[in-house]
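Residue-level listing of the chains:
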Amino acid sequence: HKKDKKDKKHKKDKKHKKEKKKKKKKKRRHGSDSDSDGPSAAVNQDEYGARGILREADYFRKQREFEAWVAEVKKAPGYSGSRRETMELFAEFAEDFNTVTLPHEKYYDLEAWEMAEYRKREAAAAEARSGATSLQLEEEEAMRSRREAEERKQRSYNDMVRQMLNKDKVDEMRHQQLLRAEAQIAFKSGDLAKARKLEARMKPDKLG
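About the criteria used
Residues numbered from 1 in each chain as written. Predicted model: local features only at pLDDT ≥ 70, side-chain atom pairs only at ≥ 80, totals over all residues. Heavy atoms only, no water. Helix = DSSP H or I, 4+ residues; strand = E, 2+ residues; numbered from the N terminus. Buried < 20%, exposed > 50% of the residue type's maximum accessible area, 1.4 Å probe, protein only. Contact = heavy atoms within 4.5 Å. Areas by Shrake-Rupley, 256 points an atom, 1.4 Å probe, with all protein chains shown as cover. Salt bridge = Lys/Arg side-chain N within 4 Å of Asp/Glu carboxyl O. Core = buried A, V, L, I, M, F, W, Y, C linked by side-chain atoms within 4.5 Å. Axes fitted to C-alpha atoms, helices over the stretch in contact; angles between N-to-C directions. Parallel < 35°, antiparallel > 145°, perpendicular 65-115°, else oblique. Left-handed = near helix turned anticlockwise from the far one by under 90°. Phe/Tyr/Trp six-rings, centres within 6.5 Å; stacked < 30°, edge-to-face > 60°. Lys NZ or Arg CZ within 6 Å of the ring centre and 35° of its normal. Patch = residues over 30% accessible without salt bridge, like charges linked within 9 Å, V, L, I, M, F, W, Y side chains within 5 Å. Nonpolar A, V, L, I, M, F, W, Y, C, P; charged D, E, K, R; others polar.

> What am I meant to see in the overall build of the protein chain here?
Of regular secondary structure, the protein chain possesses five helices and zero strands. Its helices and strands taken in sequence order, the protein chain reads α-α-α-α-α from the N to the C terminus. In the protein chain, which comprises 208 residues, the proportion classed as buried is 15%. The contacts of the protein chain with a sequence gap of at least 6 include a subset with a gap of at least 24, amounting to 62%. Counting only carbon and sulfur atoms, one obtains 52% of the accessible surface of the protein chain, whose full area is about 17400 Å².

Structure below.
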């Protein structure tokens with residue numbers, strides 16, 4: 001009889017400890033009854049269900065979000081617990097989902113979050129490409145301006161050279177005319193020696 005009483009007491013203590021452990025776990029998640037009236041423990045009724053209500057039946061519908069939450073929040077990537085353990089974790093996830101207390105937007109709708117992130121990256125890439133295109137256009141415009149300036153400078157130099165050549169040509173023509181006039185005067189005055197010297201100084205194509 002003493003042994004039976006001892007076994008019963010042991011089982012009772014074990015059951016009591018188990019229930020106490022469950023209460024502690026529940027208390028950590030929900031807060032104690034004495035704190036239930038406090039602002040931190042109260043569920044915001046305006047927020048509750050704002051992102052939908054998850055139940056156990058929604059496991060497969062939200063499996064990707066749940067697995068991301070387990071990997072990142074619970075620090076258990078590649079989690080492969082039993083079905084019972086998995087559903088216990090999912091119940092915790094669902095509670096945070098329903099009370100809108102998940103730590104990141106992705107855990108509510110992973111596909112929508114991924115799409116939003118993709119669009120952000122695309123917009124950033126497009127902006128970067130646009131900036132690069134603008135810079136390229138500016139560089140091309142600067143090169144074109146430099147090239148046009150060089151061409152203007154070259155044209156100006158060529159014009160100056162032509163003007164100098166024309167001036168020299170005009171001066172030479174005037175010089176030839178003077179020599180011809182002096183030679184004619186020398187012939188008329190009978191100074192043939194001077195006339196021949198002047199003729200020698202004149203170019204053949206300027207005679208006559």
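Once the structure has been displayed, the description carries forward.
> Is there a simple way to explain the pattern of salt bridges in this structure?
In a structure, side chains of opposite charge can pair up when their charged atoms sit close to one another. Tallied over the entire structure, the rule returns ten salt bridges. Notably, a salt bridge pairs Lys106 with Glu72, separated by 3.2 Å at the nearest N-O pair. Placement of the pair is Lys106 in the loop between α3 (83–98) and α4 (110–189) and Glu72 in helix α2 (residues 63–72), with a sequence separation of 34 residues. Glu72 sits in the partly exposed class, given a relative accessible area of 36%. Two residues, Arg144 and Glu141, come together in a salt bridge whose shortest N-O distance is 2.2 Å. Placement of the pair is Arg144 and Glu141 together in helix α4, with a separation of three residues, close to one helical turn. Residue Arg144 is classed as partly exposed on the basis of its relative accessible area of 35%.

> For this particular structure, what's the right way to read the nonpolar core?
When a protein is soluble and globular, its nonpolar side chains tend to lie buried together. Core analysis: the biggest nonpolar cluster contains 16 residues, and Phe66, Trp69, Phe90, Phe93 and Leu102 have the highest contact counts within it. Among the secondary structure elements, those contributing two or more residues to this core are α2 and α3. When residues in this core are grouped by element, the largest group, six residues, is from α3.

> What exactly am I supposed to notice about the packing of α4 against helix α5 (residues 192–201) here?
A pair of packed helices is characterised by two quantities: the angle between their axes and the separation of those axes. α5 packs onto α4 with a crossing angle of 160 degrees between their chain directions and a minimal axis gap of 8 Å. Here α5 runs roughly antiparallel to α4, going by the angle between their axes. Between α4 and α5 the crossing geometry is left-handed. On α5, the residues touching His175, Gln176, Leu179, Glu182, Ala183, Ala186 and Phe187 of α4 are Leu192, Lys194, Ala195, Leu198, Glu199 and Arg201.

> I'm lost on unusual backbone geometry in this one. Help?
With the exception of glycine, the majority of residues adopt a negative phi angle, and the majority of peptide bonds are in the trans configuration. Phi is positive for Lys75, which is not a glycine, with a value near 55 degrees. The phi dihedral of Val100 is positive, around 55 degrees, even though this residue is not glycine. Take Val100: its relative accessible area is 22%, and that puts it in the partly exposed class.

> I keep staring at α2 and nothing clicks. Help me out?
Every buried residue of α2 is listed here: Glu65, Phe66, Ala68, Trp69 and Val70. Contacts made by the buried residues of α2 are with α3 and α4.

> Please explain the packing of aromatic side chains as it appears in this structure.
Pairs of aromatic rings are described using the distance from one ring centre to the other and the angle between the two planes. Summed over all chains, the structure comprises ten aromatic pairs. Aromatic pair Phe97 and Tyr108: ring centres 5.2 Å apart, planes at 50 degrees, arrangement tilted. With Phe97 in helix α3 and Tyr108 in the loop between α3 and α4, the pair connects residues that are eleven residues apart, well separated along the chain. For the pair shown, Phe97 and Tyr108 are each scored as buried. The ring of Tyr108 is capped by Arg51, whose NZ or CZ atom sits 4.5 Å from the centre of that ring. A cation over a ring is seen here: Lys106 above Trp113, with NZ or CZ 4.7 Å from the ring centre.

> What am I meant to see in a nonpolar patch on the surface here?
A grouping of Tyr157, Met160 and Met164 is seen on the molecular surface, where their side chains present a nonpolar patch of about 330 Å² in accessible area. Take Met164: it is sitting in helix α4.

> Whenever I open this one, the packing of α2 against α4 confuses me. Can you help?
Two elements in contact, α2 and α4, have axes separated by 8 Å at closest approach and are oriented at 75 degrees. In this view, α2 runs roughly perpendicular relative to α4, as classed from their interaxial angle. For the pair α2 and α4, contact is made by Arg64, Glu65 and Ala68 and by Leu110, Glu111 and Glu114, respectively. Classifying every residue of the contact of α2 with α4 gives two nonpolar, no polar and four charged.

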